[in-house]
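Structural features, examined
Here is what each chain is made of, one letter per residue.
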Amino acid sequence: MRFNPTSLLLTISGVSAFTHHVGLKSLGSRHGSSAAPSFRLKVFSVQEDNAERTSAEKLIIPDMKAYAAGYCTVFTELPYEHTSPSSGQIPSDLIGTYFRCGPAMFSAGSIVPPKTSIVQPKQPPSPDGADMGRMVKHPFDADGAVLGVTFSGDGRATARFRYVRTAAMTNERKKGKKLYKGMETTRMEGAKVGNGQGNDFPVPMFKYHLQPGLNKNRKNTSNTRSVYWSKKLITLWEGGLPYKLDALGLSTEGRSQLGGVLNENDAFSGKAVFDSLKDRMLFYSNKQDGGSSELTIYEFNSKFRVAGATEYKLPGFALISDFAITEKFALFVQPPVSMSGMSFMVPKEPAKALKMDNGPSMLHILKRGEKDSKKTIPIPQDEISDADLHFVNAFENDGLIVFDAIRSDSTMVSKTITEWPWAQTLDDFASTATRKSLWRYKVDVTTESISKECITNIPTYFGTINPAVSGQKHQYVYAAVGANGNNNAPPQGIGKFDIYGNAKDLWYPNEYEFCGEPMFAPKKSDAPTGKEDDGYIISILFNGKDKKSEVLVFDATNIAAGPIARIPLGIAIPHGLYGCFSAADECNWTAEEIERRAKLADKMESRGNMWNEVKSDFSGLGLRLDDFEEYFGDIL
């Protein structure tokens, strides 16, 4: 189906098409001009846009009980599983490993330590919903786990799924109860928090308690993103240190200070961005204070050595959880948040200490490698907030900075459900989750103006591109998409959006099946074609009817044709978040190698009181910070 990006919906129901102008008075213009640049935006109603759908895009009413079943605690991990496709074939040129991170323990402390451990929990694992006192109030607050799926070119796949043994997870596991409740007050405050975005579903804008460091309020779940770089696998969570895992067996090797780069109380990023031009991986650390914030951008080369660490001062309390890069710049959006001084000092609960104001969000354009070199431009306001943008990619083009991002419309958010299994009806989902859509922003740094254009109004999640063009001009965006037309719905199908060809390529499963993040995997070839979509899309599908999960493999050139391989995992993997695919030469481990490492991981964990011993092959990553919190955590 062909479409025009400028004639897509802006979530205003029952409104005729009109042209919308928004003026912007430049702030801090270096030219001293007060001219108000504007942008033009066409708006269509839900009814009008849905009427344009083809017969091939029939509306699917998602089975929300099946969706809610995807928030299921994994009580038995998957050490390894060598599995074959149930339909189709795994391409011989799909070689590498897909890692994906996500919340997985919704009933706290519900996986017992080894029998040989000197400390055994007083309470056994609790089934989901059996003890509501052990259930988290929001799915994002659950302990993280990592799925690894390796394609070694033999027509089969080897999967494993393990929890990240964070210090917090270890404490709750040993005591068999929920110990960390710092975010519960914020969750219970409901839809008013952050103008409907603070407790957004399934990923909230308010992600962590404001008390920094090792304490009982800020629980580092390490559940947001997995990153494989320079033969190292780490997991991220906004607000705490990353964790390092063994890439083969997925055993946890410890909390990481990245070779001494970070301090133990640093709030590290939940996002990493690959620089395809310089072959670097970028992260950030954000130190928030009452009057100002200090942002540090870290650039690591292909050997995981620091190639740059640049500091920037940001005004006020900078609530940041995402970023994008171009060849020269790093882009951050700071929402209009004001702070209550007393509540920030005590009790430091986000719902009480932070307030979302009515002003515009600020786009910070930071010059990479130049301390405090930045330009800040207010983003023109319209009916949808820019406070919690989810970046897809950014690049420089003809004097402009261009980026694609997913916006979150909170105008229909009216409540927050704090009891498992959360949204069991479509109405519940629509009233607790912001409605997401994919947009393109163009920034003229000289005139300090920003224009916006809607790419698609189909609900979009987990926008990704081919990493080979990360930070460069891209043509295709892949995303998980809702299946109920333009109406608010959870991620279910897979979409490919041709930005310049004005075309979309969509595939939807059954009403009780739900796809997660789509991840691009390049073809292993001695003679690559150079085409941006010459590869495969990998996604994890959760079947809420059978309570099972599968790996789906798509031909990236033809998403609508459906998966070319469906690979059963044998267990139910909860709805996950963000991952990565590595086609590095070492990532095509054989099933035998993975099995040996998994058995070794189990053996090491069974070594009594040494079951959380850190053993790291990355200098500076294997730190015994876990022990500090375990022994002194009760008094922190």
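Residues numbered from 1 in each chain as written. Predicted model: local features only at pLDDT ≥ 70, side-chain atom pairs only at ≥ 80, totals over all residues. Heavy atoms only, no water.

Below, the discussion takes up the pattern of salt bridges. Inspection of every chain in the model, using the stated rule, returns 32 salt bridges. Of the charged contacts, one joins arginine 368 and aspartate 275 as a salt bridge, the two residues approaching to 2.7 Å between their closest N and O atoms. Note that arginine 368 is positioned in the loop between β20 (362–367) and β21 (374–378) and aspartate 275 in strand β12 (residues 273–275), a separation of 93 residues in sequence. Measuring nitrogen to oxygen at the nearest pair gives 2.8 Å for the salt bridge that ties lysine 496 to aspartate 533. Here lysine 496 is found in strand β28 (residues 493–498), whereas its partner aspartate 533 is found in the loop between β31 (519–522) and β32 (535–543), with 37 residues between them in sequence. Within this structure, Glu77, Arg165, Arg173 and Glu605 form a network of salt bridges that share partners. (Salt bridge = Lys/Arg side-chain N within 4 Å of Asp/Glu carboxyl O. Helix = DSSP H or I, 4+ residues; strand = E, 2+ residues; numbered from the N terminus.)

For the rest of this paragraph, the subject is the sheet that holds strand β24 (residues 435–444). Judged by pairing direction, the sheet is antiparallel, and its 4 strands sit side by side in the order β22-β23-β24-β25 without closing on themselves. The sheet is open, and its two edges are formed by β22 (390–397) and β25 (449–456), each paired on a single side. If you compare each strand with its neighbour and ignore which way they point, the axes differ by 25° on average. In this structure, strand β23 (residues 400–409) lies alongside β24, joined through 9 bridges in antiparallel fashion. Bridge pairing in β24 links valine 402 to lysine 442. (Pairing = 2+ DSSP bridges. Axes fitted to C-alpha atoms, helices over the stretch in contact; angles between N-to-C directions.)

Attention now goes to the environment of asparagine 263. Of note, asparagine 263 is situated in the loop between β11 (252–255) and β12. The residues touching asparagine 263, leaving out its near neighbours within four places in the chain, are Leu241, Gln257 and Lys287. (Contact = heavy atoms within 4.5 Å.)

Moving on, we get to the packing of aromatic side chains. The description of an aromatic ring pair rests on the distance of the ring centres and on the angle between the ring planes. Under the criterion given, the structure shown has 24 aromatic pairs. Seen in terms of ring centroids, tryptophan 507 and phenylalanine 554 are 5.2 Å apart; in terms of plane orientation they differ by 65°. Their pairing is edge-to-face. With a gap of 47 residues between them, tryptophan 507 in strand β29 (residues 503–507) and phenylalanine 554 in strand β33 (residues 548–555) connect regions that are remote in the sequence. The pair tryptophan 507 / phenylalanine 554 is uniform in exposure class, with both members buried. Three or more aromatic residues joined by ring pairs form one cluster here, namely Tyr67, Tyr71, Phe106, Phe201, Trp422, Phe429 and Phe514. The cationic tip of lysine 473 hangs over the ring face of tyrosine 500; the distance from NZ or CZ to the ring centre is 4.9 Å. Positioned over the ring face of tyrosine 476 is lysine 496, at 4.3 Å from the centre of the ring. (Phe/Tyr/Trp six-rings, centres within 6.5 Å; stacked < 30°, edge-to-face > 60°. Buried < 20%, exposed > 50% of the residue type's maximum accessible area, 1.4 Å probe, protein only. Lys NZ or Arg CZ within 6 Å of the ring centre and 35° of its normal.)

For the rest of this paragraph, the subject is the side chain of threonine 326. With respect to the helices and strands, the residue threonine 326 is situated in the loop between β16 (324–325) and β17 (329–334). Look at threonine 326 and you get buried, because its relative accessible area is 1%. Threonine 326 has contacts with Arg368, Ala394, Phe395, Glu396, Ile401 and Gly471, leaving out every residue within four places of it along the chain.

Here we take up the confidence of the model for the chain. On average, residues of the chain score 87 in pLDDT, and 86% of them are at 70 or above. Note on residues 1–56: pLDDT is under 50 here. Beyond four places in sequence and across chains, it has 138 contacts. For the stretch residues 608–636, pLDDT sits under 50, and the model shows 76 contacts to residues farther than four places along the chain or on other chains. (pLDDT = per-residue confidence, 0-100.)

In this section: the pairing of strand β15 (residues 306–315). When strand β14 (residues 292–300) meets β15, the two strands line up antiparallel, connected through 9 bridges. Note that in β15 the partner of tyrosine 298 across the bridge is alanine 309. Taken together, β14 and the strand that follows it, β15, pair antiparallel across an intervening segment of 5 residues, in which phenylalanine 304 is found at a positive phi of about 60°.

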